[in-house]
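Structural description and commentary
Chain by chain, the residues:
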There are 2 protein chains.
Amino acid sequence: MEDLSPRHGGSMFVGLVGASQVLGLLSVVLTGVWMGHYQGGFAWDGSAQEFNLHPLCMVLGLVFLQGDAILVYRVFRNEAKRNVKLLHGIIHLLALIISIVGVVAVFDFHRANQIPDVYSLHSWLGLATLVLFCLQWVMGLMFFLFPVASSWVRAMYLPVHVFCGLALLVMAISTSLLGISEKLLFSIMSTYSQFAPEGVLANTLGILLVFYGGLLCHLVTREEYKRPPNPEEESLSVHFKTLAEGGSPASP
Amino acid sequence: MEDLSPRHGGSMFVGLVGASQVLGLLSVVLTGVWMGHYQGGFAWDGSAQEFNLHPLCMVLGLVFLQGDAILVYRVFRNEAKRNVKLLHGIIHLLALIISIVGVVAVFDFHRANQIPDVYSLHSWLGLATLVLFCLQWVMGLMFFLFPVASSWVRAMYLPVHVFCGLALLVMAISTSLLGISEKLLFSIMSTYSQFAPEGVLANTLGILLVFYGGLLCHLVTREEYKRPPNPEEESLSVHFKTLAEGGSPASP
């Protein structure tokens with residue numbers, strides 16, 4: 001059984017990672033089709049076409065890229081941790097930049113059309129997610145890429161960082177669902193209840209995002225897909241163990 | 001350090017469980033105030049007052065009670081597992097009954113007012129959540145309360161059951177957020193953007209639900225809050241271990 005388990009886990013893992021990428025990319029494509037085909041395309045001129053960049057940037061940045069930045073720790077679980085950390089930080093930075101462009105687009109559209117800002121549940125949850133995402137990125141940078149904290153503080157913070165990362169992905173997806181629903185009610189309220197193709201497409205996008213989030217959470221939390229221990233992690237564990245046993249951790 | 005840890009974890013645990021109950025109850029109360037004060041109260045006559053039972057039943061059943069049914073495994077982690085299982089199943093059954101009443105209320109309201117069913121993202125996600133919730137309850141009953149499956153199948157299914165339970169709670173909360181946003185756009189679209197008190201109250205309800213979900217996920221996934229091993233669990237582990245090592249598990 002032990003001989004079979006890793007291989008079975010391996011092929012299942014590859015299949016699930018592949019499925020997550022199909023779901024994530026399909027979500028980005030469907031958002032593009034929705035905004036490009038049904039909502040009149042893209043521009044940067046204060047018009048509704050500028051608003052259309054908002055959903056595309058958020059689904060690409062704060063959902064797909066955030067998810068993939070998390071997933072690199074599982075996909076490259078046998079690579080040097082330093083490189084994986086760097087990739088994790090870079091993809092998150094890209095996600096952050098694209099998300100900020102998406103948020104600027106909607107504020108700019110509101111300003112040009114004198115629409116009030118930040119009154120909806122979508123905007124409350126979305127802004128909370130973006131602010132916490134920035135905080136999480138800075139904390140990750142300080143704790144893990146340029147570690148200013150001692151080893152045992154890092155070891156204490158690691159599970160918090162992992163939990164908050166998944167929570168932020170779930171919050172980003174929930175915010176996207178709210179955005180999809182809001183946009184449909186603003187633009188096709190009269191035909192939405194008659195199963196207009198645009199409504200069905202956008203609902204499908206919402207369901208795909210839920211599957212993407214569920215699959216990501218499964219891949220990240222499943223024990224058998226986690227990184228095998230390596231010397232760096234061992235060293236961290238030793239510090240943590242020392243602390244838990246009442247000793248004081250040695251300097252890194 | 002080992003002497004301090006459990007006590008520290010204990011007081012933190014009690015505080016977090018207390019906070020989760022405050023958040024959960026406050027969410028139910030805010031839903032009641034929203035529907036009772038701003039939306040005209042409750043009835044069972046096909047009117048908008050019948051619809052008002054829908055949010056109240058769903059937040060009480062599919063969010064608060066579902067969350068608490070999960071939480072009993074942490075709150076009563078030192079009690080006999082059989083009793084905790086029974087409590088877990090009973091609270092879930094109560095959650096299921098209340099949720100079904102809530103769903104019947106909205107379908108009945110739609111029928112009486114000739115409003116189409118199941119066209120929105122809220123309804124798609126909500127129905128998926130309820131169907132999967134029923135399935136999860138039946139599976140839990142078969143696998144754990146009246147175990148028809150062998151010990152090793154149960155041991156294999158346990159992490160799936162735990163993961164799906166948390167995923168269903170998150171899906172129920174996401175569906176609630178969509179319902180809050182939809183209801184606000186249907187009923188106060190013109191004043192929502194001017195920060196009408198009803199909109200602020202409903203947005204606050206949404207944020208409380210997110211905090212409730214986040215806290216529940218934290219309490220359930222945190223290693224130090226999990227059940228300490230007991231003889232029954234040990235027996236299950238032995239069966240699983242035997243299987244993993246290539247032997248065949250003995251009958252329960």
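Residues numbered from 1 in each chain as written. Chains lettered and ligands numbered in written order. Predicted model: local features only at pLDDT ≥ 70, side-chain atom pairs only at ≥ 80, totals over all residues. Heavy atoms only, no water.

For the record, the criterion: UniProt positions are given in the numbering used here, feature names are shortened, and annotations may be inferred rather than shown by experiment.
Taking an unreviewed UniProt entry as the reference, chain A is identified by name as Transmembrane ascorbate-dependent reductase CYB561 belonging to Nothobranchius furzeri. Recorded in UniProt for chain A, the comment headed Subunit (unreviewed entry) runs: "Homodimer." Listed in UniProt under the heading Cofactor (unreviewed entry), the comment for chain A reads: "heme b".

**Description of the nonpolar core**
Heads up, the condition is: Definition of nonpolar core: a set of buried residues of the types Ala, Val, Leu, Ile, Met, Phe, Trp, Tyr and Cys, connected through side-chain atoms within 4.5 Å. Accessibility here uses a 1.4 Å probe with only protein chains present; expressed as a share of the type maximum, an area under 20% marks a residue as buried, one over 50% as exposed, and anything in between as partly exposed. Residues count as neighbours in contact if any of their non-hydrogen atoms are within 4.5 Å of one another.
By size, the foremost hydrophobic cluster in this structure holds 115 residues, and its most contacted members are W34, I180 and L219 of chain A together with W34, I180 and L219 of chain B. Filtering out sequence-adjacent residues up to four positions away, W34 of chain B remains in contact with Q39, I180, K183, L184, E198, L201, A202 and L205 of chain B.

**A short note on the interface of chain A and chain B**
Operational definition: Each of two parts loses accessible area, computed with a 1.4 Å probe, when they are put together; buried area is these two losses added. Take a side-chain nitrogen of Lys or Arg and a carboxyl oxygen of Asp or Glu: if they are within 4 Å of each other, that pair is a salt bridge. Helical segments are the DSSP runs of H or I of at least four residues, strand segments are the runs of E of at least two, and each set is numbered from the N terminus.
Opposite the 38 residues of chain A that make contact, chain B presents 38 residues. Across the chain A to chain B interface the summed buried area is about 3300 Å²; carbon plus sulfur atoms make up 78%. Contact with chain B buries surface across chain A, with Y119, L121 and W124 of chain A losing the most and accounting together for 19% of the total. Between the two partners, chain A and chain B, sit zero salt bridges. Counting residues per element, the ones that place at least two in the side of chain A that touches chain B are helix 5 (121-145), helix 6 (151-187), helix 7 (189-192), helix 8 (197-221) and helix 9 (231-244) of chain A. A total of eleven residues in the side of chain A that touches chain B trace back to one element, the largest contributor, which is helix 6 of chain A.

**What to know about the packing of aromatic side chains**
All names here are of chain A. What counts, and what does not: Two rings from Phe, Tyr or Trp (for Trp, the six-membered ring) form a pair when their centres sit within 6.5 Å of each other. Planes less than 30 degrees apart are called stacked, planes more than 60 degrees apart edge-to-face, and all others tilted.
With the rule as written, the count across this model stands at 14 aromatic pairs over all chains. Each ring, one from F13 and one from Y225, has its centre 5.0 Å from the other, and the planes form 50 degrees; the classification is tilted. Of the two residues, F13 sits in helix 1 (residues 4-38) while Y225 sits in the loop between helix 8 and helix 9, which places them 212 residues apart along the sequence. The burial state of F13 is the same as that of Y225; both residues are buried. Geometrically, the ring pair formed by F64 and Y212 is tilted, given 6.1 Å between the ring centres and 50 degrees between the ring planes. Here F64 is found in helix 3 (residues 53-75), whereas its partner Y212 is found in helix 8, with 148 residues between them in sequence.

**Concerning unusual backbone geometry**
Negative phi is the rule for most residues except glycine; trans is the rule for most peptide bonds. Residues and elements named next belong to chain A. The residue V118 is not glycine, and still its phi comes out positive at about 50 degrees. Its location among the elements puts V118 in the loop between helix 4 (81-112) and helix 5. Looking at V118, the relative accessible area reads 28%, which means it is partly exposed.

**Focus on the side chain of S99 of chain A**
All names here are of chain A. The condition that has to hold: Here a polar contact is recorded for every N or O atom pair within 3.5 Å, except that within protein the pair must consist of a potential hydrogen donor and a potential acceptor, and residues adjacent in sequence are included only if both atoms are side-chain atoms.
Examined against the element boundaries, S99 turns out to sit in helix 4. Within the local environment of S99, its side chain forms a polar contact with the backbone oxygen of A95, the two atoms lying 2.6 Å apart. In this structure S99 touches M58, G61, L62 and L130, once residues within four positions along its chain are discounted.

**So, the relation of the copies chain A and chain B**
Condition: Superposition of the copies was done by least squares, using only C-alpha atoms of residues whose pLDDT is at least 70 in both.
The transform that puts chain A on chain B rotates by 180 degrees and translates by 0.0 Å along the axis, for an RMSD of 0.0 Å. Overall, the copies show the geometry of a two-fold rotation axis. Of all interface residues in chain A, 100% are interface residues in chain B too; the two copies therefore contact each other through one and the same surface.

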